[in-house]
Amino acid sequence: MSSVAFSAGGTAMAQQAVPLRGAVDENVLQTQRNAPPAPVRRAPVVAAAPAPSPANAGGIPSDPYEPVSPGALPNDDAGAPSTATGTANDTSLSSGPVNNSRTLNPRPTAAPGTVPLPADRTTAATQRTRPLPRALRNGQTPATPTTGSIADDTDGNPRVQRESRDSVSEPAIERRTVRPDPDPFAPFGIRAGTVTLRPSISQGLRATTNADGSSTGKSAILSETRLRLRATTDWARHSAFLDFDGLYDKTLSGQEYSAPNVGLRGGFKLDLGDRTTVTGEGGYRYRQEDASAPTAVVGASNRPGVQELDGTLGIRHEFGRFFGQVKGKVDRTTYGQAQFPDGTTLSQKDRNNTFASIALRGGFEMSPAIKPFAEVEIGKLIYDETEDSNGFRRSGMRTALRGGIEADFGEKLSGELALGYLRQSIDDERLSNVDGLSVDGAIKWSPQRGTDVNFGLLTRVEGGTTPNDSGSIFYEGRLGVKRQIRSNLSVNAELSASLRDNKDGSGLDKGFGAEVGATYWFNRFLGLDVSARHRVTRSEVDTRQTSESSVYMGLTLQR
């Protein structure tokens, strides 16, 4: 059956009905055809649902238009009163269907998917409508019949409620996340392009039991001034740094003492490709000669100044799991005059020397963090004067053979440690060669966040100044620990030990030291420093034995 038409009051209903849509159930049509006529009743006007249009009153209604996108049409105005009047069997034509929902077609009065009975049949008031089965696609199962009001049918096209949409808060266009500063008391620094300069100055008082650190030193109260400058770069590939550290002590009361100590060091690192690196460092230091050193002038009223100038340049290249490194080094040392209480002076130009060496290192990558290596060093020690004041020629060749390991575990652990043999030959046959064990290294370890451990080892050759004295080998080790208790409070401790192997037959000189301190920052710019230390040197020679204890308190200003 392709089409069906009903007539009421002599008018063909098919002429007024909209085109048919969908399949029609046969039992519904059979019931409508066999039902006896019934007297016309006036159907009550229902305000909640719009009245059907005359065109659809006697025919099969079509589904109303529903847009695919939610919110394409305005929402229903549930509060507007209905304007539909008349009877359910009124077949007179009107100017248009009543549409309170403001959609293109009025909503049906029956549940979705049902076919209402014609209004001019007796069964319209007594017989209930039955749901129209829908065609199922492959893989679909029959849906449960929908019950409820017309407004609940939002399966096909969910209706956007204006109240729900307006009640949802919109996120901000720009949202700023404030994160806590991990180091709120760190200095800001002074920014100049890609270079950051961090200066600081400290001023305090130190009370000591041995002002000049000699075997005959006395107690004093010193004014201690310290200036530090550090400059670093934030280049994308290469890096460079520059450090300055200046310390000046001056007696306020007690034994007269005045001592400057200045250090300047800079360096750079250039990455020439993925596997080639060029590094360089240079430094200058001015200090006073150690009063307990074997080379100290006995009876002098001052501690002569020592100037040290050094520079290194190296290149390193990796070949797969292997690597090779070449490094050149130059050291220059000069000594000042010694003064005596009677006003006379003693020149020490015969001690001025220059040392130049080249070191070859090769190793392999056991793992990305561990790299064993072997190193050989060959150098020459040259004194400015061929013979010293006693007529000895002290220049000579220096050789060293070392083996060690490089470690790089990131911020957790990094550094290197080397162990080997060192030999300093002397041109004068009357003097014996200086040789011994060589131990060098520098390791940084952070066992946990806020704790830093520094460990360093040093070996150096010291020349002699007295007749028949070849010199000595000096060893030194330091262990420092720094702990961040709070963001503005840190404590530190350091242990040091030294050993000097004298080749003049005077035995061994042993030194020990310990220091503890704390720093409290009031803000990013001002802090309070306190510290206490004790140092002692033991030797078979009385003039080399020293002991000193001191405490310090001062303020630090940083930027």
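Our subject is the structure that appears above.
Residues numbered from 1 in each chain as written. Predicted model: local features only at pLDDT ≥ 70, side-chain atom pairs only at ≥ 80, totals over all residues. Heavy atoms only, no water.

Moving on to the pairing of strand E10 (residues 322-335). Bridging between strand E9 (residues 305-319) and E10 involves 14 bridges; their strand directions are antiparallel. Note on E10: the bridge partner recorded for valine 306 is tyrosine 335. Across twelve bridges, E10 lies against strand E13 (residues 353-364) in antiparallel orientation. Among the inter-strand pairings, phenylalanine 323 is bridged to a residue of E13, identified as glycine 363. (Pairing = 2+ DSSP bridges. Helix = DSSP H or I, 4+ residues; strand = E, 2+ residues; numbered from the N terminus.)

Our focus in this paragraph is the pairing of strand E14 (residues 370-383). Within a regular beta strand, the side chains point alternately toward one face of the sheet and then the other, so they alternate between its two faces. One ladder, built from eleven bridges, connects E13 with E14; its direction is antiparallel. Bridge assignment links arginine 361 to a residue of E14, and that residue is glutamate 375. If you look at the hairpin formed by E13 and E14, you'll find five residues sitting between the two strands. Two elements, E14 and strand E15 (residues 396-408), share twelve bridges in a ladder whose sense is antiparallel. Its bridge partner being in E15, glutamate 375 is matched across the sheet by arginine 402.

A word on the side chain of glutamine 325. Of note, glutamine 325 is situated in strand E10. Classification of glutamine 325 as buried rests on a relative accessible area of 15%. Here the side chain of glutamine 325 touches arginine 316 through a polar contact of 3.2 Å, side chain to side chain. In contact with glutamine 325, not counting residues within four places along its chain, are Ile315, Arg316, Ala359, Leu360 and Arg361. (Buried < 20%, exposed > 50% of the residue type's maximum accessible area, 1.4 Å probe, protein only. Polar contact = N/O pair within 3.5 Å; in protein donor to acceptor, adjacent residues only side chain to side chain. Contact = heavy atoms within 4.5 Å.)

Further remarks concern the nonpolar core. Core analysis: the largest hydrophobic core is formed by six residues, namely Ala400, Leu422, Val434, Val461, Ile473 and Tyr475. Apart from the residues lying within four places of it in its own chain, the contact partners of valine 461 are Arg398, Leu422, Gln424, Val434 and Ser472. With five residues, the next largest nonpolar core counts Ala220, Leu222, Tyr257 and Ala259 among its residues. (Core = buried A, V, L, I, M, F, W, Y, C linked by side-chain atoms within 4.5 Å.)

Our next topic: the packing of aromatic side chains. Overall, the coordinates contain three aromatic pairs when judged by the stated rule. Here phenylalanine 322 and phenylalanine 364 contribute two aromatic rings whose centre-to-centre distance is 6.4 Å and whose plane-to-plane angle is 50°, an arrangement assigned as tilted. Of this pair, phenylalanine 322 sits in strand E10 while phenylalanine 364 is found in strand E13, placing the two residues 42 residues apart along the sequence. The class of phenylalanine 322 is exposed, set by a relative accessible area of 52%. Cation over ring: arginine 361 sits above phenylalanine 373, and NZ or CZ is 3.8 Å from the ring centre. Over the aromatic face of phenylalanine 392 sits the side chain of arginine 430, whose NZ or CZ is 4.1 Å from the ring centroid. (Phe/Tyr/Trp six-rings, centres within 6.5 Å; stacked < 30°, edge-to-face > 60°. Lys NZ or Arg CZ within 6 Å of the ring centre and 35° of its normal.)

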